[in-house]
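One letter stands for each residue in the lines below.
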Amino acid sequence: MSREPADSPSVSRRTFLAGAAATATAGGVAGFVGGQALEEQYRAPAGPFFDQRSHCYWIESAGIEDTPPLTSLQGDQTADIVIVGGGYTGLSAALHLAERFPERRIVLLEGTRVGYGASGRNCGLLLPFINGAEAITHELVDADRVDEARKVFDLTSAGTGLIQELVEQRGVDCEWEPVENLMGAVTPRQEARLEGEQRMYAALGLEATWLSETELRQRVDVEGYRGALTVPTSAMINPAKLATGLLHLVRAAGVEVYEDSPVLEVEPGTTVSVRTPRGRVRAPMLILATNAYTHHLGFLRGRVLPIHSHSIVTAPLSEAQIEALSWSGRQPFFDVRSFFNLFRLTADNRVLLSGGDGFYYYAGAAVDREGHPDYERLSRDLRMLFPALAEVPITHRWVGHVGTTLDFSPTIGTVGPTDNILFAGGYSGHGVTVAMLAGRLLRDLVAGEPLDPVYDFVLNRQPPRAPGEPLTSAGFSLAKRLIRWDDAQ
Ligand SMILES: Cc1cc2nc3c(=O)[nH]c(=O)nc-3n(C[C@H](O)[C@H](O)[C@H](O)COP(=O)(O)OP(=O)(O)OC[C@H]3O[C@@H](n4cnc5c(N)ncnc54)[C@H](O)[C@@H]3O)c2cc1C
C-alpha cells in the first residue's frame, strides 16, 4: 500500500527505494524473456502452486471450507473466454464480461477454492488510487491542473464505487463498513510527507484531517505514533465474503466456474488452450487473473513477484475493551512506512494486525510456514501498540501472497506472444478496489473499447524485471535492509 506524493521527500524516497529494489534484485542486469521455447515457458512446475496450511480468519468466517468445492474441470471443452484465477480480478472480469456478453460461454478455472488467494486473506481496506496514480495526481496539482488531477483520482479510485454498488444494489453481504482510514507517521519526516498528502487532498476538494498524537489517541489509543491523517472515501469489508458474494453473482450471470482445477499449461495461438489435471479448455480469448502466482505458468516471470505477508487476529474484544481503547469509531489504521503496520477491527470485534517485512522465497515459491518468525513479531507488535491487550489470546495466523512489481505499479493488458492473452495484476498490496476496477477494464479491452488515457500508465506495460535466481533472492534481502533503514528516517 504505497502512497507517494510527487515533489515531496517521499517521491525521491520511493524512486530511491524502487531503484534500490530494482538494482538490488536485478543486480544491474536487464532482463529479457525471449529465446525460451514456448512449451517450457508456459508450463507450471509439478506440485501445488500454493501448499496452504495456515488458518485464515476471513476464510473461516465466510464458511468457504464448510461447503464442498465446485466440481473440477473434466474432459475437453470449448469456450468463448476462459479466465484463470478466482480472486477479485478473475471474478470481476467474469461478472463484467458475462453481463456485457450474455451470449458468450465464459469458463473460470480456479486452482484451489475461489477466494483462497490474496482476495480471501487481505485486510479488507478500500484504498483510493491505483499505485502510481498518486504521484501523477501530485504532479498535476503542483502544475495547477486540478481538474485533471481530480479526474485521475476519480477514475483510479472507481473500484470503491463498484464494491459499494455490489453491496447496496446487488445484495453482496461483505460486512461493508464506511469508515475513515487513519494513516499514521512514526518520524517527523513521515509527518511532513503526510502534510503533502493533506495538501493534495485539499486541492482535490476532499477532506483529510491531520490528527495530532493526542487527537489520534482519542480515536484509537495506540502507542508509538506522532499523529495520523484521515484518508477520505474509505470503507472496510470482510474480504473473503466479498469473494464469495462475487462468486454467487458470477454464477448467476451464467459463468461456469470450476474449482480444484489448476491450470498446468497454456498453449498460446489464435485459439488458446489451457490444460488442467483432468481437462482442457480451448478459447479464442484467455484472461490470466493469477496475480502473484502467474510466474508459475511462465508469464511475467520476475516482473510480478509473490511477496508473503502475514496476519494475526485476536479473540473478540468486549465493548468495554473497545471503549477503553477509545476505538468506538472503529477506524482502521496503517502507517506510512514501506514496511507498515496495519490494524483494524473485524465485525465481531477482533483486532487484526498485518504488515511488517514482506518475504520473498527462492524462485518465487508460495510458502506457508507454520511457526514463521513473523507471527511472533506480529504478536510482540500487537502488545507494544496496545499494552492493554497483553492478555487477549491470538486465535488465527495466516499468510497471503501479494503480487508485487519492482516499481509497485500494476500492469493491465496483453501479455505473452499473442494479443488474445490478457492479464491484470501486480497491484503491490493495494488491490481490493483496483482488482475490481481491473475486471471492468479487462471487459473493455475484450470488447475492443478504448480505455480513458488516464489508465495509460498501467496499460500493456512491462514492469521492470528481476534477473532470476540467485540474484533475485539475494537482491531482495539487500533491498529489505535498505527499506528498513529508510523507514526509520
Ligand atoms: C495479507 C494481505 C493484506 C492485504 N491487504 C489489502 C488491503 O487492506 N487493501 C487492499 O487494497 N489490498 C490489500 N491486499 C492486496 C489484495 O488482497 C490483492 O491485491 C487482491 O486480492 C488481488 O486479487 P487477485 O484476484 O488479482 O489475486 P488473488 O486473490 O491472489 O487471486 C488469484 C487466484 O488465482 C488462482 N490461481 C493462481 N494460479 C492458478 C492456476 N495456474 N490455475 C488456476 N488458478 C490459479 C489462485 O488460487 C487465486 O485464487 C492485501 C494482500 C495480502 C496478501
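**Thoughts on the site of the ligand**
Logical step 1: Around the ligand, 46 residues are found, and the nearest of them are Gly85, Gly87, Gly117, Gly400 and Gly431.
Logical step 2: When contributions to the shell around the ligand are tallied by element, the ones reaching two or more residues are α4 (88-100), β15 (305-314), β19 (394-404) and α13 (432-446).
Logical step 3: Split by residue class, the shell around the ligand holds 20 nonpolar, 24 polar and two charged.

**Quick notes on the environment of Thr290**
Logical step 1: Checked against the element boundaries, Thr290 lands in the loop between β14 (286-288) and β15.
Logical step 2: Residue class for Thr290 comes out buried when judged on the 31 C-beta atoms lying within 10 Å of it.
Logical step 3: In the structure, Thr290 is positioned 113 residues away from Gly403 in sequence and 9.0 Å away in space, judged by C-alpha atoms.
Logical step 4: Discounting chain neighbours no more than four positions away, the residues touching Thr290 are Val84, Gly85 and Leu297.

**Let's talk about the packing of α4 against α13**
Logical step 1: Running from N to C, α4 and α13 point in directions that differ by 40°, and their axes come no closer than 7 Å. Between α4 and α13, the interaxial angle falls into the category oblique. As for how α4 packs across α13, the hand of that crossing is right-handed. Seen from α4, the contacting residues are Tyr88, Thr89, Ser92, Ala93, Leu95, His96, Leu97 and Arg100; seen from α13, they are Val432, Ala435, Met436, Ala438, Gly439, Arg440, Leu442, Arg443 and Val446.
Logical step 2: The class makeup of the residues in the contact of α4 with α13 is ten nonpolar, four polar and three charged.

**Focus on the environment of Thr270**
Logical step 1: Tracing the sequence through the fold places Thr270 in the loop between β11 (265-267) and β12 (272-276).
Logical step 2: Each C-alpha atom, one on Thr270 and one on Met285, is 8.3 Å from the other, the two residues being 15 residues apart in sequence.

Conventions adopted
Residues numbered from 1 in each chain as written. Predicted model: local features only at pLDDT ≥ 70, side-chain atom pairs only at ≥ 80, totals over all residues. Near = placed C-beta within 6 Å. Helix = DSSP H or I, 4+ residues; strand = E, 2+ residues; numbered from the N terminus. Nonpolar A, V, L, I, M, F, W, Y, C, P; charged D, E, K, R; others polar. Buried ≥ 20, exposed ≤ 12 C-beta atoms within 10 Å, placed from the backbone. Contact = placed C-beta atoms within 7 Å. Axes fitted to C-alpha atoms, helices over the stretch in contact; angles between N-to-C directions. Parallel < 35°, antiparallel > 145°, perpendicular 65-115°, else oblique. Left-handed = near helix turned anticlockwise from the far one by under 90°.

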